[in-house]
Amino acid sequence: MPRYDKLLKGGHVIDPANGINGKMDVGIAGRSIAAVAEDIPAESANRVIDVSGWYVTPGLVDMHAHSFGFSGAMFPDEMCLPYGVTTMVDCGGPGWRTFDDFNRNVVQKANVRVFGFLNIVGAGMVGDAEQVVADMDAELTAECISGRGDVLVGVKVAHFLGPGWESVDRGVEAARLSGTFCLIDQNAKPTRPFSEMLLEHMNPGDGVTHCYGYGKPMIGNDGKVKPHYIEARNRGIKFDVGHGNNSFSFSMAVPALEQGFPPDTISTDMHRMSMSTSRATMTEVMSKFLAMGMPIEDVVARSTVAPAEWIRRPDIGTLTPGAPADVAVLELVDRPAGLSDSGPLGYRIMKAPHRLNCQLTIKDGNVLWDYDGSSKDDWSETPKTDLDIP
Ligand SMILES: [Zn+2]
């Protein structure tokens, strides 16, 4: 009698949460991971999927993408499933005034597991709303997060152009009141220097996204990681990639990695523009870190278990038996690749010998993306039916 509904056979499993990096089979029963072991018999499964030659990882977790509010927002399934992402966090699209709309029209309708950062601005990430200090209410934001902890994982502060600290301080306060954390995308100004923000205005567990962008340059004129970044990391501030359309430059990331300053989490900041201009898809952003020399198990860890732990959802981002059966099967395609960055100084490429392509995306045990049809039968096995219908 089969014990598994699906068996991923012959792949190279990378599950950093469990220290697994080697040839293993993965058995799925219903909506859950049932077993990760060597040589699970094919007879024990209803459907065997041959994944030999490919990497098998937990479903990817994209900490920073846009499905609501922002004019470039995309529906989660379209921007996530082709790239192995089974969980995404909408990064500040809704505010407390628009949460219900986000929940009803995005979270409830998507096959992808969608969480959200609530914007400190009540109206969310629409037009010039993020400039309206009067709509940045820490108490109401925290109340909304506390009431919907099933969906909301933290606070987002972004794009504020004013001279003061209102957006940062109120966002950090909302995170404190709700027992979550604040993710910040705000460029420095002489009146509110980045060093002061990292060291005095943020709390341990809070984070900065777009960490290799020119808007908040991590590397100084001397080519070195600025000391306040190192000090901030030492006090528990985290750094997220948030690649996007204007926010990831190899000229920042390469020296940072060489000097031992990798990101805590790899994410896309995916939306309609970043997807096409700089190919900020999850597999492509991961490929860029591979190309810069990061070992694949580190790339996978920063794209699965690290974001899952940061958003306090330790049940995802892992292949632990009993966990939701969220799986990505990734092929390292051996063909010269040109991988694009993005930023105010233009788009440039890094040449690489290969890139990752997503072969299969499985969410809660269901195959939702299958690039080469490896979970399907050959067409010649189409059953006979009565075709002579009037
Ligand atoms: Zn963003």
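The rules we used
- Residues numbered from 1 in each chain as written.
- Predicted model: local features only at pLDDT ≥ 70, side-chain atom pairs only at ≥ 80, totals over all residues.
- Core = buried A, V, L, I, M, F, W, Y, C linked by C-beta atoms within 7 Å.
- Buried ≥ 20, exposed ≤ 12 C-beta atoms within 10 Å, placed from the backbone.
- Helix = DSSP H or I, 4+ residues; strand = E, 2+ residues; numbered from the N terminus.
- Contact = placed C-beta atoms within 7 Å.
- Axes fitted to C-alpha atoms, helices over the stretch in contact; angles between N-to-C directions.
- Parallel < 35°, antiparallel > 145°, perpendicular 65-115°, else oblique.
- Left-handed = near helix turned anticlockwise from the far one by under 90°.
- Nonpolar A, V, L, I, M, F, W, Y, C, P; charged D, E, K, R; others polar.
- Pairing = 2+ DSSP bridges.

A separate point is the nonpolar core. Counting residues in each nonpolar core, the largest one holds 115 residues, and the members touching the most others are Val-26, Val-56 and Val-329. Broken down by element, this core gets its largest block of residues, 6 residues, from helix 9 (residues 282-291). Those residues in contact with Val-26 that lie beyond four places of it in its chain are Leu-8, Val-13, Ile-33, Val-36, Val-56, Leu-319 and Val-327.

Below, the discussion takes up the packing of helix 5 (residues 194-201) against helix 6 (residues 227-234). It is the contact of helix 5 with helix 6, at a shortest axis distance of 9 Å, that shows an interaxial angle of 15°. Viewed along their axes, helix 5 and helix 6 adopt a mutual orientation that is roughly parallel. Once helix 5 is placed against helix 6, the crossing between them reads as left-handed. Every residue of helix 6 that contacts helix 5 at Ser-195, Leu-198 and Leu-199 is listed here: His-228, Glu-231 and Ala-232. For the contact of helix 5 with helix 6, the class distribution of residues is 3 nonpolar, 2 polar and 1 charged.

This paragraph deals with unusual backbone geometry. You will see that His-159, though not glycine, has its phi angle at about 65°, which is positive. Along the chain, His-159 turns up in the loop between strand 9 (152-158) and helix 4 (166-178). Residue classification places His-159 among the partly exposed positions, given that 18 C-beta atoms sit within 10 Å. Backbone geometry places Asp-269, a non-glycine residue, at a positive phi of 55°. Here Asp-269 lies in the loop between helix 7 (250-258) and helix 8 (272-277). Taking the C-beta count within 10 Å as the criterion, Asp-269 has 29 such neighbours and is therefore assigned buried.

It is worth spelling out the sheet that holds strand 9 at this point. Sheet strands pair by backbone hydrogen bonding; their relative direction is either parallel or antiparallel. The 7 strands lie next to each other as 6-7-8-9-10-11-12, forming an open sheet whose pairing is parallel. On the outer flanks of this sheet lie strand 6 (60-65) and strand 12 (238-239), each paired with one strand and no other. Relative to strand 7 (residues 85-91), strand 6 runs parallel, the two sharing 4 bridges. Along strand 7, the bridge assignment pairs Leu-60 with Val-85. Packed onto the sheet, helix 4 meets strand 9 and strand 10 (181-185) and runs at close to 175° relative to strand 9.

Inspection of the secondary structure puts Ala-42 in the loop between strand 3 (32-37) and strand 4 (45-50). With 12 C-beta atoms counted inside 10 Å, the residue Ala-42 sits in the exposed group. In sequence terms Ala-42 and Leu-257 are 215 residues apart; their C-alpha atoms lie 42 Å from each other.

Before going further, it helps to examine the packing of helix 3 (residues 138-147) against helix 4. Closest axis-to-axis distance for the helix 3/helix 4 pair is 8 Å, and the angle between their directions is 40°. One finds that helix 3 runs oblique with respect to helix 4. Relative to helix 4, helix 3 is oriented so that their crossing is right-handed. Taking contact as the criterion, the partners of Ala-138, Glu-139, Thr-141, Ala-142, Ile-145 and Ser-146 in helix 3 are, on helix 4, Arg-170, Glu-173, Ala-174, Leu-177 and Ser-178. For the contact of helix 3 with helix 4, the per-class residue count stands at 5 nonpolar, 3 polar and 3 charged.

A few words now on the pairing of strand 2 (residues 20-29). Alignment of strand 1 (residues 4-15) against strand 2, held across 8 bridges, turns out to be antiparallel. Among the inter-strand pairings, Leu-8 is bridged to a residue of strand 2, identified as Val-26. Hairpin remark: strand 1 followed by strand 2, antiparallel, with 4 residues in the connecting loop; positive phi at Gly-19, about 65°. Note: strand 2 against strand 3, 5 bridges, orientation antiparallel. For Gly-27, the partnering residue across the bridge sits in strand 3 and is Ala-35.

Residues in a regular strand project their side chains so that they alternate between the two faces of the sheet. When strand 1 meets strand 5 (residues 55-58), the two strands line up parallel, connected through 2 bridges. Among the inter-strand pairings, Val-13 is bridged to a residue of strand 5, identified as Val-56. Note: strand 5 against strand 13 (residues 327-340), 4 bridges, orientation antiparallel. Its bridge partner lying in strand 13, Pro-58 is registered against Val-327.

Attention now goes to helix 9. Across the 10 residues of helix 9, 10 count as buried, placing the element largely inside the fold. When helix 9 is considered as a whole, its buried residues turn out to be Met-282, Thr-283, Glu-284, Val-285, Met-286, Ser-287, Lys-288, Phe-289, Leu-290 and Ala-291. Where the residues of helix 9 are buried, they touch strand 6, strand 7, helix 10 (296-301), strand 13 and strand 14 (349-363).

Attention now moves to the environment of Thr-281. Residue position: Thr-281 is located in the loop between helix 8 and helix 9. Sequence spacing of Thr-281 and Met-252 is 29 residues, and the spatial spacing of their C-alpha atoms is 19 Å. Every residue in contact with Thr-281, bar those within four places of it in the chain, is listed here: Tyr-83, Thr-268, Met-270 and Met-275.

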